[in-house]
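Coordinate analysis (summary)
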Amino acid sequence: MRPSSARFLIVSAGMGAGHDAVAAELVRRLQARGQGAGRVDVLELLPDGVGAGLRAFYRAAIRRAPVVYEGIYRVFFRPGRGLRPGSAPLAALAEDRLLALVARERPDVVVPVFHLAAQLTGRLRARGALAVPSAVVVTDFAVHRQWLHPGNDLHLCVTPEAADTVRRALDRPSLATGPVVAERFFAPAPGAARWRRRFRARAPGRPPVLLSVGAWGAGTRVADTARLLSGAGYLPVVVCGRDERLRGELSRLPEVAALGWERDMPGLLAAVRAVVDNAAGQTALEALATGVPVVGYRPIPGHGREGVRRMAALGLSDHARDSWELLRLLDVLTEPSAPRERRIAAGRRLFAEDAAVRLTETVTRPAAPR
């Protein structure tokens, strides 16, 4: 089969915005290479009401009950001895709709970019119900066990360390292709000058520092962190996502620039001096692509905490354990310095390959023997 005739089905999940951003960029890259590409939300493949309920529960746990989510993560996601509960029963509920979609769309490769979708395709491939290869795009720095199913044919990972984790766990092919970030974050951002003028007018002489709390506004003591940065001479710029309540709360603080859902993230990132991140998610990756240092601070539980630690351990970011360390790191990273340049260079080296190229290769090479 010629690569130009291939079609890919990307299986994402509307959990926040990061996985959908990856899915959209994969579709764009594949289409730019002459491939056919479509996408579906795995939550929409579940029985009516189940996907929406799962999203609502996850969002509430992350934002309002982090202790609950930490417990769930420890039980369902972290590896451990003996039998451990997983998401197989939930994945089973989506099998019929995915198989029906595959029969209609006739893709050559199915590409999960969310761990529940990886469990779904892995189960179907393992028993031969899904006839085409499944190539999982792992979006996390810390690969938890819900990403891992031996039925899948290939895993594409953010880092070589993550790829090695998959190979050791499954004895299946795994490659490090780097993060999937939209092309506009690598190019000069037209909106950056506008943002810089806005920040200078609001707080002359104060370096702008972005606080990232994701699409859902998930974070611990965000207002306290913003006050801390302001007191140290910075302009805290908080992107509150779709959490209007958080935005309203922060808007009452004159020393804080509180933003909602922001479409010009390339311009905004290019205009700030550093990003304070709490999840090692898509915003942190976009910052690395833009060339902005990232400091992890007060990470959200579960995958957020694991990702922030792993990202720092790899030398891609810093992890501030307390407020004093956060300010010390920002004092170094927001000014021209060797540590700042090292962080920027390390982040950009992460984008070594293109996941779309590797996905295209899956239709020209035979699947690895099982």
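Here, residues in each chain are numbered from 1, in the same order as that chain's written sequence. Per-residue local features are limited, in this predicted model, to residues with pLDDT of at least 70; the limit for side-chain atom pairs, both in listing and counting, is 80 or more; totals at the level of whole chains, interfaces and linings are taken over all residues. In computing side-chain properties, one takes all heavy atoms of the structure into account and sets aside hydrogens as well as water.

The name given to the protein in an unreviewed UniProt entry is Galactosyldiacylglycerol synthase, and the organism recorded there is Streptomyces luomodiensis. UniProt positions are given in the numbering used here, feature names are shortened, and annotations may be inferred rather than shown by experiment. Under the Sequence similarities (unreviewed entry) heading, UniProt states for the protein: "Belongs to the glycosyltransferase 28 family."

Broken down by element type, the protein carries 17 helices and twelve strands. Here the protein has a C-alpha radius of gyration of 21 Å; the compact-globule value for 370 residues is 21 Å, and the two agree. In terms of overall dimensions, the protein has a C-alpha envelope of 60 × 40 × 35 Å along the principal axes. For the protein, the proportion of its 370 residues judged to be buried stands at 55%. Counted over contacts in the protein with a minimum sequence separation of 6, partners at least 24 positions apart contribute 67%. Each accessible area is a Shrake-Rupley estimate made with a 1.4 Å probe; only the visible protein chains count as cover when residues are assessed. Carbon together with sulfur atoms contributes 53% to the accessible area of the protein, which is approximately 16,000 Å² in total. Secondary structure counts use DSSP, requiring at least four H or I residues in a row for a helix and at least two E residues in a row for a strand, with both numbered from the N terminus. It is over C-alpha atoms that the radius of gyration is taken, and the globule rule equals 2.2 Å times the number of residues to the power 0.38. Remark: exposure states derive from per-residue accessible area (1.4 Å probe, protein chains only) relative to the maximum for the residue type, with buried under 20%, exposed over 50%, and partly exposed in between. When checking whether two residues touch, look at their non-hydrogen atoms; a contact exists if any pair is within 4.5 Å.

The next point concerns the sheet that holds strand β5 (residues 154-157). Through backbone hydrogen bonds, the strands of a sheet pair up, either in parallel or in antiparallel fashion. Here, any two strands with at least 2 DSSP bridges between them count as paired. Read across the open sheet, the three strands follow the order β4-β5-β6; overall the sheet is parallel. Only two strands of the sheet have a single partner each, and these edge strands are β4 (135-137) and β6 (174-176). Averaged over all pairs of adjacent strands, the angle between strand axes in this sheet comes to 20°, irrespective of strand direction. Note that β5 and β6 share three bridges and pair parallel. The residue of β6 that forms the bridge with H155 is S174. Note on method: axes are straight lines fitted to C-alpha atoms, helices fitted across the in-contact stretch only, with angles between N-to-C directions ranging 0 to 180 degrees.

Right, let's get into the pattern of salt bridges. Throughout this description, the term salt bridge denotes a Lys or Arg side-chain nitrogen within 4 Å of a carboxyl oxygen of Asp or Glu. All told, the structure shown has 25 salt bridges when counted by the stated rule. E105 serves as the salt-bridge partner of R7, at 3.3 Å between the closest nitrogen and oxygen. With R7 in strand β1 (residues 7-12) and E105 in helix α6 (residues 95-105), this residue pair connects regions lying 98 residues apart in the sequence. A relative accessible area of 28% means that R7 is categorised as partly exposed. Put simply, D164 and R167 hold a salt bridge, and the shortest N to O gap is 4.0 Å. Linking D164 with R167, this pair stays in helix α8 (residues 160-170), spanning three residues, or about one helical turn. Three or more residues joined by partner-sharing salt bridges are found here, namely E25, R28, R29, E183 and D354.

This brings us to the pairing of strand β8 (residues 235-239). Burial analysis of β8 places five of its five residues in the buried class, the great majority of the element. Of the two faces of β8, both are covered, the one formed by L235, V237 and V239 as well as the one formed by P236 and V238. In terms of handedness, the path from strand β7 (residues 208-212) via helix α10 (residues 222-231) over to β8 forms a crossover that is right-handed. Bridge analysis of β8 against strand β9 (residues 257-259) gives three bridges, and the strand direction is parallel. Note that in β9 the partner of V239 across the bridge is L259. Of the crossover connections in this fold, the one passing from β8 over helix α11 (residues 244-251) to the parallel β9 is right-handed. Here the term right-handed applies to a crossover when the path leading from its first strand over the helix to its second strand runs clockwise, the strands being oriented away from the viewer.

Here we take up the sheet that holds β7. Strand order in the open sheet formed by six strands is β9-β8-β7-β10-β11-β12, and the pairing between neighbours is parallel. Strands with a single pairing partner mark the edges of an open sheet, and in this sheet they are β9 and β12 (318-320). Here the strands of the sheet are splayed against their neighbours by 25° on average, with no regard to which way each runs. The pairing of β7 with β8 spans five bridges and is classified as parallel. Across the sheet, P208 pairs through a bridge with L235, a residue of β8.

Once that is clear, we can look at the packing of α6 against helix α7 (residues 115-126). Contact pair α6 / α7: the axes reach a minimum separation of 11 Å and the direction vectors enclose 75°. Between α6 and α7, the interaxial angle falls into the category roughly perpendicular. Contact with α6, carried on its side by E95, L98 and L99, involves L120, T121, R123 and L124 of α7 and no other residues of that element. Each residue belonging to the contact of α6 with α7 can be placed in one class, and the counts come to four nonpolar, one polar and two charged. Working rule for angles: under 35 degrees goes down as roughly parallel, over 145 as roughly antiparallel, 65 to 115 as roughly perpendicular, anything else as oblique. Under the scheme applied here, ten amino acids are nonpolar (Ala, Val, Leu, Ile, Met, Phe, Trp, Tyr, Cys and Pro), four are charged (Asp, Glu, Lys and Arg), and all others, including Gly, are polar.

Quick look at the packing of α10 against helix α15 (residues 323-333) now. Packing of α10 against α15 leaves a shortest axis separation of 11 Å and a crossing angle of 50°. On the basis of the axis angle, α10 is oblique to α15. For the crossing formed where α10 meets α15, the hand is right-handed. For the pair α10 and α15, the contacting residues are T225, L228 and L229 in the first and S323, L326, L327 and L330 in the second. Considering only residue class, the contact of α10 with α15 consists of five nonpolar, two polar and no charged. When the near helix sits turned anticlockwise from the far one by under a right angle, the crossing is termed left-handed; a clockwise turn instead gives a right-handed crossing.

Those residues of α10 not exposed but buried are V222, A223, T225, A226, L229 and S230. When α10 is viewed along its axis, its buried side chains cluster within an angular range of 160° and face the same direction. Summarising the contacts, the buried residues of α10 are in contact with β7, β8, α11, β11 (294-297) and α15. Just past α10, the residue G233 takes up positive phi, approximately 100°. Throughout, the arc means that of the directions going from the helix axis to the C-beta atoms.

Moving on, we come to the side chain of Q282. When you line up the elements, Q282 lands in helix α13 (residues 282-290). In this structure Q282 comes out as buried when scored by relative accessible area, which is 14%. Sequence-distant contacts of Q282, that is, excluding residues within four places in its chain, are made with G18, A21, V22, V180 and V181.

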